[in-house]
Amino acid sequence: MAASSKTARGTGKRAAPGAAKGAFQGATHRVENQPPPLADYNVFETDRALVEALAREGADFGRKEGLKRARALGARVGSVEVQDWARLANRHAPELLTHDRYGNRLDRIEYHPAWHYLMALGVGHAVHALPWRAKQRGAHAVKAALAFLMNQGENGVCCPMAMTFAAVPALANEPALAEEWTPRILSTEYDARFIPARDKLGAVFGMAMTEKQGGSDVRANSTRARPAAGEGEGIFLLTGHKWFCSAPMSDAFLTLAQGPGGLTCFLVPRFRPDGTQNRFFLQRLKDKLGNRSNASAEIEYDDTWARRVGPEGRGVHTIIQMVHHTRLDASVSAAAVMRAAVVQAMHHTRHRAAFGAMLADHALMQNVLADLALESEAATAMVMRLARGYDDALADPAAEPMVRLATAIAKFWVCKRAPTVVAEAMECLGGGGYIEDGPMPRLYREAPVNGIWEGTGNVICLDILRTIARAPDALAAFAGELKAAAGGDRRLDTYVGEIEKAQKSNALDESQARVIVERLALAWQAALLVQHAPHPVADAFCASRLTGTGGRTLGTLSAGMDVQAIIARAWSE
Ligand SMILES: Cc1cc2nc3c(=O)[nH]c(=O)nc-3n(C[C@H](O)[C@H](O)[C@H](O)COP(=O)(O)OP(=O)(O)OC[C@H]3O[C@@H](n4cnc5c(N)ncnc54)[C@H](O)[C@@H]3O)c2cc1C
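Draft legend 1. View of the nonpolar core. Grouped together as the largest cluster of nonpolar side chains are 156 residues, with contacts concentrated most on Leu238, Leu372, Met382, Ile409, Phe478, Leu492 and Trp524. When residues no more than four places from it in sequence are discounted, the contact partners of leucine 372 are Val342, Ala345, Val421, Glu424, Ala425, Cys428 and Leu554.

Listed below in structure tokens is the structure:
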């Protein structure tokens, strides 16, 4: 369908569908010129950029199989039922139950049932574990597409799903533990019962690193670990605190503590092997800006039973495997938040008229919508290509340094773009976009969080500088990604040439880290679009992002761009 709407063009005389005839309506007015709810649509099939990216990056999985899985989840995520679960799970935020009526400690969270339905939906579709279950090339790309869809249903549940997914490579550092816990993670049965994991149908993991005095600076951790007398090798008791611990009803957590041999990674289960509740004390829940369906707690350890993961003193090295994989998910999540917001903007503007035409038919609105669509498609292409890098690295470990570098670049950039995109998309809905009845406020509150957890912007950029300095091969491999598009667009070739020149002069200047990363990210997105997107998309992206003709707000594409084609690709109803 073309960018303009077929309905009620310019009339503004559109009664909201579903308004029951004969239902009470004030005598003063009819409800007119309001869009129909965007419901019961397939979130995957309506996203051409994602469909193409999955077919491309997940081809090794079996093209049909990947598409089938994504189509199935896309239909569920777009359903009225799942949309309502998302609303309910966020409206009725989780509650902390510290004690029972007699004063005994409980340390439990009570969730609205909708939270559990959403968890069951994601786990049932293996959003938390597909690559480890399938053990097949392309599974990371398929999983990223599934996470992209699930995040458009509800973001809160995607946090425990990401942490559970990411725990597996960290657990691999301790084969006996991996043997015990990984099969539980691989299960597609979500089991919300608060009982020992060995008696459950499946398990979920969390991660507890951040302390009051140090979040990014994890080496400042003050939690102590002492060997548990008489309990055998690798068993420790932890005493200390964690300032942020999301999804605290997970079955186990990877955490850091100072052991006799230095900072070490540990697995803390909610139940000890004898079946009693572990000493895992929930002090309070964070009153968060967004991501409200998901509980994030402050916790205290007091002789808390734990098992060592990986060698003593190598805690950061061990848990970084988990962090690395959660960064992939954070990037996917931010891209999905953008897509969800852009779809709302597209839908709304095609169904609302002002000044004699549908909003989507006004030239300036088209510039805004097209610019939003570019940002969203570039993010989608980037995170899907990144996910394939994880498949590549499983097949060939030599690819890993480049994948780490690419992960950090994508994490920084996509997470930074998300709040800007969501805010602009919200404005397309006018005042209604700001009201809690619809999904926009939830997306808006969600948008910044992926930039904060799993590595804040500065920390990520400094990581990237370190990688560039220490692993020049990773940068060379990344440059190969850009070179793959060489000759496809003159502006991109020039831009990449300038990066290379600048790189030689100030690669190690810490103050310039964001400048460097931004350029690498833009060049990578442009390279992907030049190779894989239709000409109007790649052309407008290169013109606006690489040559300085685009402005500082969205909706500033220069004249002559084929905005109609860009919009039509982004959304058709
Ligand atoms: C909703 C939510 C859920 C969370 N869930 C979890 C969880 O489950 N488990 C967990 O472990 N943590 C969790 N976190 C914590 C999160 O990972 C940390 O907040 C994050 O790592 C930053 O740490 P910090 O808050 O201590 O900030 P700081 O480390 O104090 O950083 C503050 C600012 O300073 C910047 N900065 C730091 N060092 C430098 C430097 N050298 N140069 C320049 N700038 C610098 C940072 O980029 C940041 O902008 C959660 C956070 C949120 C918001």
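Draft legend 2. Focus on the layout of surface pockets. Its boundaries defined by the atoms lining it, the largest pocket holds a volume of some 1,500 Å³. For the lining of the largest pocket, the secondary-structure elements that each account for two or more residues are strand S5 (235–246), helix H9 (315–351), helix H11 (400–428), helix H13 (449–452) and helix H14 (457–470). In terms of residue class, the lining of the largest pocket is made up of 21 nonpolar, 12 polar and 11 charged. Of the pockets and cavities examined, the second largest pocket occupies roughly 1,100 Å³. Lining the second largest pocket are 40 residues, and of these Gln344, Asp437, Gly438, Pro439 and Met440 lie nearest its centre. Where the lining of the second largest pocket is concerned, the elements lending two or more residues are helix H3 (80–91), helix H6 (139–153), H9 and helix H12 (440–446).

Draft legend 3. Fine view of empty space enclosed by the protein. Enumeration over the complete set of coordinates arrives at seven cavities of 30 Å³ or more. Taken as a whole, the largest cavity spans an internal volume of roughly 150 Å³. As for the largest cavity, its lining consists of 15 residues, of which Cys158, Cys159, Ala162, Asn450 and Trp453 are closest to the centre. Going through the elements one at a time, helix H7 (158–171) and H9 are the ones with two or more residues in the lining of the largest cavity. Of the residues contributing to the lining of the largest cavity, the split by class is six nonpolar, six polar and three charged. Volume-wise, the second largest cavity comes out at about 90 Å³. Of all the secondary structure elements, the ones that give two or more residues to the lining of the second largest cavity are helix H10 (363–395) and helix H19 (563–570). Of the residues in the lining of the second largest cavity, the class split is four nonpolar, two polar and four charged.

Draft legend 4. Just the site of the ligand, in detail. In the neighbourhood of the ligand, 18 residues make up the surrounding shell, with Met209, Thr210, Ser216, Ser246 and Thr456 lying closest. At 3.0 Å from an oxygen atom of the ligand is found a main-chain nitrogen or oxygen belonging to glycine 215. In the environment of the ligand, an oxygen atom lies 2.6 Å from a nitrogen or oxygen atom belonging to the side chain of threonine 456. Elements with a minimum of two residues in the shell around the ligand: strand S3 (205–208), S5, H13 and H14.

Draft legend 5. Spotlight on the pairing of strand S1 (residues 95–99). Relative to strand S2 (residues 105–110), S1 runs antiparallel, the two being bridged by four bridges. If you follow histidine 99 over to S2, its bridge partner there is arginine 105.

Draft legend 6. Spatial organisation of helix H15 (residues 472–483). With 12 residues, H15 extends 16 Å from end C-alpha to end C-alpha; this agrees with the ideal 16 Å at 1.5 Å per step. Among all positions of H15, only Ala474, Leu475, Phe478, Glu481 and Leu482 are buried. Summarising the axial view, the buried residues of H15 lie within an arc of 100°, below the 170-degree limit, and thus occupy one face. Among the exposed residues of H15, those oriented more than 90 degrees off its buried face are Pro472 and Asp473.

Draft legend 7. Inspection of the state of the cysteines at higher detail. For the structure shown, the criterion picks out zero disulfides. Its sulfur unpaired, cysteine 159 is 9.0 Å from the next cysteine sulfur, which belongs to cysteine 158. A relative accessible area of 7% places cysteine 159 in the buried class. Cysteine cysteine 461 is unpaired, with the sulfur of cysteine 415 as its nearest cysteine sulfur at 11 Å. Look at cysteine 461 and you get buried, because its relative accessible area is 1%.

Draft legend 8. Geometry of the side chain of glutamate 377. With respect to the secondary-structure elements, glutamate 377 resides in helix H10. Of the residues examined, glutamate 377 reaches a relative accessible area of 11% and is grouped as buried.

So, how was this worked out
Residues numbered from 1 in each chain as written. Predicted model: local features only at pLDDT ≥ 70, side-chain atom pairs only at ≥ 80, totals over all residues. Heavy atoms only, no water. Core = buried A, V, L, I, M, F, W, Y, C linked by side-chain atoms within 4.5 Å. Buried < 20%, exposed > 50% of the residue type's maximum accessible area, 1.4 Å probe, protein only. Contact = heavy atoms within 4.5 Å. 1 Å grid on protein atoms, 1.4 Å probe; cavity = no way out; pocket = protein on both sides within 12 Å on 5 of 7 lines; lining within 4 Å. Points joined across faces, edges and corners; volume = space filled by probe spheres on them. Helix = DSSP H or I, 4+ residues; strand = E, 2+ residues; numbered from the N terminus. Nonpolar A, V, L, I, M, F, W, Y, C, P; charged D, E, K, R; others polar. Near = heavy atom within 4 Å. Polar contact = N/O pair within 3.5 Å; in protein donor to acceptor, adjacent residues only side chain to side chain. Pairing = 2+ DSSP bridges. Expected span 1.5 Å × (residues − 1). Arc of directions from axis to C-beta. Disulfide = S-S within 2.5 Å.

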